[in-house]
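Chain residues, written in single-letter form:
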Amino acid sequence: MNSIIKIILGNMLITGAYAFITVPNGIVNGGITSFSMILSSVTGVDISVYTNCITILLLILCLIFLGKNYFAKSIVSSVCYMLFFSIFNGLNIEFIQLPILVDVLLASVLVGIGYYFCLSAKSSTVGFDVIALILHSKNENIQISKVMRYINFIVILFGLFSYGIYSVLFGILFTYIQTAVIHLLLEQSNFKVNVYQFIKRFREVF
């Protein structure tokens, strides 16, 4: 139940940031949607076709490499994402216009925290974090946040001609802050676990 609450809360933060901040301001985030938009602009195929195909592929990879537990929670996460994004995007709420750098900072922090909630619940968001989780499962020295950062950077750079230089620059800043937040929260979580284990072993010895 604790994991489900984390997944729900995480997706609320992510979709809220996308629906109310990044999409209205044209901020590129480097995720599956951005990648699908790039492919759609090049091939003319509808964006939903690419989004659905990539999502299914990532779910299959999640099941094969991360196991049934991750797969089941990732299904819940993807349903929450689609539900919350549809709701938030349909509200058409107009907020006070803030400077674009403030929007980038706010959105990236919210998305970073949202991703952390999902990752700490042993779930993916059925995005490119699946690839990062698979690589981390093969080698614990590989940092999830850094893999996500590099993948997003590549996607954003591919969209240079589609989005324009300013959208790409803001997207790079967004991705850097977002993954930095994920890294800090995951490291803090690991630190707390290590301290707890140390105290437990200390008590067992003495």
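Summarised in this report is the structure supplied together with it. (Residues numbered from 1 in each chain as written. Predicted model: local features only at pLDDT ≥ 70, side-chain atom pairs only at ≥ 80, totals over all residues. Heavy atoms only, no water.)

**A look at the state of the cysteines**
Step number 1: Following the criterion strictly, the structure yields zero disulfides and no others.
Step number 2: Here Cys-118 is not cross-linked by a disulfide; its sulfur's nearest cysteine counterpart is in Cys-80, at 8.2 Å. (Disulfide = S-S within 2.5 Å.)

**Topic: the side chain of Ser-123**
Step number 1: Tracing the chain through its elements places Ser-123 in the loop between α5 (100-120) and α6 (129-138).
Step number 2: When sequence neighbours within four positions are dropped, the list of residues in contact with Ser-123 reads Ile-7, Tyr-70, Lys-73, Ser-74, Ser-77, Cys-118 and Leu-133. (Helix = DSSP H or I, 4+ residues; strand = E, 2+ residues; numbered from the N terminus. Contact = heavy atoms within 4.5 Å.)

**Focus: helix α4 (residues 68-91)**
Step number 1: Between its terminal C-alpha atoms α4 stretches 35 Å, which fits the 34 Å expected from 24 residues at 1.5 Å a residue.
Step number 2: Among the residues of α4, those classed as buried are Tyr-70, Lys-73, Ser-74, Ser-77, Ser-78, Cys-80, Phe-84 and Phe-88.
Step number 3: Against the buried residues of α4 lie α1 (2-25), α3 (47-66), α5 and α6.
Step number 4: Asn-92 sits one or two residues past α4 and shows a positive phi near 55°. (Expected span 1.5 Å × (residues − 1). Buried < 20%, exposed > 50% of the residue type's maximum accessible area, 1.4 Å probe, protein only.)

**Some details on the nonpolar core**
Step number 1: Val-111, Tyr-115 and Phe-174 are the most contacted members of the largest nonpolar core, which totals 33 residues.
Step number 2: Secondary-structure elements contributing two or more residues to this core are α1, α2 (32-43), α3, α5, α6, α7 (144-158) and α9 (165-205).
Step number 3: If one sorts the elements of this core by residue count, α5 sits on top with six residues. (Core = buried A, V, L, I, M, F, W, Y, C linked by side-chain atoms within 4.5 Å.)

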